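# Architecture at a glance
Below are the chains, spelled out letter by letter.
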Amino acid sequence: EVQLVESGGGLVQPGGSLRLSCAASGFIFSSYWMYWVRQVPGKGPVWVSLINPDGRTTHYADSVRGRFTISRDNAKNTLYLQMNSLRAEDTALYYCAKDLHWGASDYWGQGTLVTVSS
Amino acid sequence: QSALTQPASVSGSPGQSVTISCTATSSDVGDYNHVSWYQQHPGKAPKLMIYDVSDRPSGVSDRFSGSKSGNTASLTISGLQAEDEADYYCSSFTSSSILLFGGGTKLTVL
């Protein structure tokens, strides 16, 4: 059974940092593109970042480029999102998701909540 | 403002069919062949219903179908059931390796 379990969310002050993790199981993690997607409750999902299977190719939404870094450890079956210089508008539920085909995500985690507030 | 425009809401009675549109307003979507549709119930993660415009993942009911005409993709739900009431989002993977989401459509089953 495919499982994605996010962790690392919490309350952080503006300008602070957080590192999110996503533990994957039930599939060959090293073979799949992975995504981070965030969602403010009551609003639609917003893509944050993606990474290719070997970790050498990454892309970011304009709103987070230069502040967030996506990475993965295929030996540990874990996806990461390092978030620096956090802003109030980064407050959201952050999901990790597994790629099925060209941007379609067939499995999502339960999400981890990030709140940026003083 | 999203580059993928969806109607804010649609509704239908049980047994009827409804169609939700997703219009690309940006040239970034390219040939618009990598369109997906997600269903999201309150408090749950999105669930993939359609990918690559019209393909269904394993386990998704064949009451859900997708199509595209020009820069508008559509999700059709036939034989509407109470459990179909949810928010629906389209997404598109662009030629710039960017993933766009639509603003979402709330489906109400009357």
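Structure: above.
Nothing here was measured: the structure is a model prediction, and the numbers come from that model. (Residues numbered from 1 in each chain as written. Chains lettered and ligands numbered in written order. Predicted model: local features only at pLDDT ≥ 70, side-chain atom pairs only at ≥ 80, totals over all residues. Heavy atoms only, no water.)

## Quick word on the pairing of strand 4 (residues 35-40) of chain B
Residue and element names in this part refer to chain B.
- Counting buried positions along strand 4 gives six out of six residues, so the element sits mostly inside the fold.
- Side-chain alternation along strand 4 places Val-35, Trp-37 and Gln-39 on one buried face and Ser-36, Tyr-38 and Gln-40 on a second face that is also buried.
- Pairing geometry for strand 4 and strand 5 (residues 47-50), over three bridges, is antiparallel. Bridge pairing in strand 5 links Trp-37 to Ile-50.
- What sits between the antiparallel neighbours strand 4 and strand 5 is a turn of six residues, in which Gly-43 has the positive phi angle 75 degrees. (Buried < 20%, exposed > 50% of the residue type's maximum accessible area, 1.4 Å probe, protein only. Helix = DSSP H or I, 4+ residues; strand = E, 2+ residues; numbered from the N terminus. Pairing = 2+ DSSP bridges.)

## Some thoughts on the pattern of salt bridges
Residues and elements named next belong to chain A.
- Within the structure shown, the criterion is met by five salt bridges over all chains.
- The closest approach of N and O atoms between Arg-38 and Asp-90, which form a salt bridge, is 2.9 Å. With Arg-38 in strand 4 (residues 34-39) and Asp-90 in the loop between strand 8 (78-83) and strand 9 (92-101), the pair connects residues that are 52 residues apart, well separated along the chain. Side by side, Arg-38 and Asp-90 carry an identical accessibility label, which is buried.
- Note that Asp-106 is salt-bridged to Lys-98, the shortest N-O span being 3.1 Å.
- A relative accessible area of 23% places Asp-106 in the partly exposed class.
- Three or more residues are tied together by salt bridges with common partners; here these are Arg-38, Arg-67 and Asp-90. (Salt bridge = Lys/Arg side-chain N within 4 Å of Asp/Glu carboxyl O.)

## Notes on the interface of chain A and chain B
- Of the residues lining the interface, 20 residues belong to chain A; the matching set on chain B comes to 17 residues.
- Carbon and sulfur atoms make up 67% of the surface buried where chain A meets chain B, a total of about 1,600 Å² over both sides.
- Between chain A and chain B we count zero salt bridges in total.
- Summed over the shared surface of chain A and chain B, the number is four residue pairs in polar contact (both at pLDDT 80 or more).
- Classifying every residue of the side of chain A that touches chain B gives eleven nonpolar, seven polar and two charged. (Contact = heavy atoms within 4.5 Å. Buried area = accessible area lost by both parts, 1.4 Å probe. Polar contact = N/O pair within 3.5 Å; in protein donor to acceptor, adjacent residues only side chain to side chain. Nonpolar A, V, L, I, M, F, W, Y, C, P; charged D, E, K, R; others polar.)

## A closer look at the pairing of strand 7 (residues 72-77) of chain B
Residues and elements named next belong to chain B.
- Where strand 3 (residues 18-24) and strand 7 come together, six bridges link them in antiparallel fashion. Pairing of Thr-19 across the sheet is with Thr-76, part of strand 7.
- Hairpin connection, strand 6 (residues 64-69) to strand 7: the antiparallel pair is bridged by two residues, and Gly-70 has positive phi, about 60 degrees.

## Concerning the sheet that holds strand 1 (residues 4-5) of chain B
Residue and element names in this part refer to chain B.
- Overall, antiparallel pairing links the four strands, which are arranged 1-3-7-6 in an open sheet. Here the strands that pair on one side only, and so sit at the sheet edges, are strand 1 and strand 6.
- Here strand 6 runs beside strand 7; their pairing, made up of six bridges, is antiparallel. Each residue of the ladder has a partner; that of Ser-67, found in strand 7, is Ser-74.

## Some words on the packing of aromatic side chains
- The tally for this structure, following the rule as stated, stands at seven aromatic pairs over all chains.
- A centroid spacing of 5.7 Å and a plane angle of 75 degrees characterise the contact between Phe-27 of chain A and Tyr-32 of chain A, whose relative ring orientation is edge-to-face.
- Taking 5.8 Å as the distance between ring centres and 50 degrees as the angle between the ring planes, the aromatic pair formed by Trp-102 of chain A and Phe-93 of chain B counts as tilted. Residue Trp-102 of chain A is located in the loop between strand 9 and strand 10 (104-108), and its partner Phe-93 of chain B is located in strand 8 (residues 86-93); the two belong to separate chains.
- The class for Trp-102 of chain A is partly exposed, based on a relative accessible area of 45%.
- With a relative accessible area of 7%, Phe-93 of chain B lands in the buried category.
- Linked through ring pairs, Tyr-95 and Trp-108 of chain A together with Tyr-38 and Phe-101 of chain B together constitute an aromatic cluster.
- Over the ring of Tyr-80 of chain A we find Arg-19 of chain A; its NZ or CZ atom is 3.9 Å from the centre of that ring.
- The side chain of Arg-72 of chain A reaches across the aromatic face of Phe-29 of chain A, ending 4.3 Å from its centre. (Phe/Tyr/Trp six-rings, centres within 6.5 Å; stacked < 30°, edge-to-face > 60°. Lys NZ or Arg CZ within 6 Å of the ring centre and 35° of its normal.)

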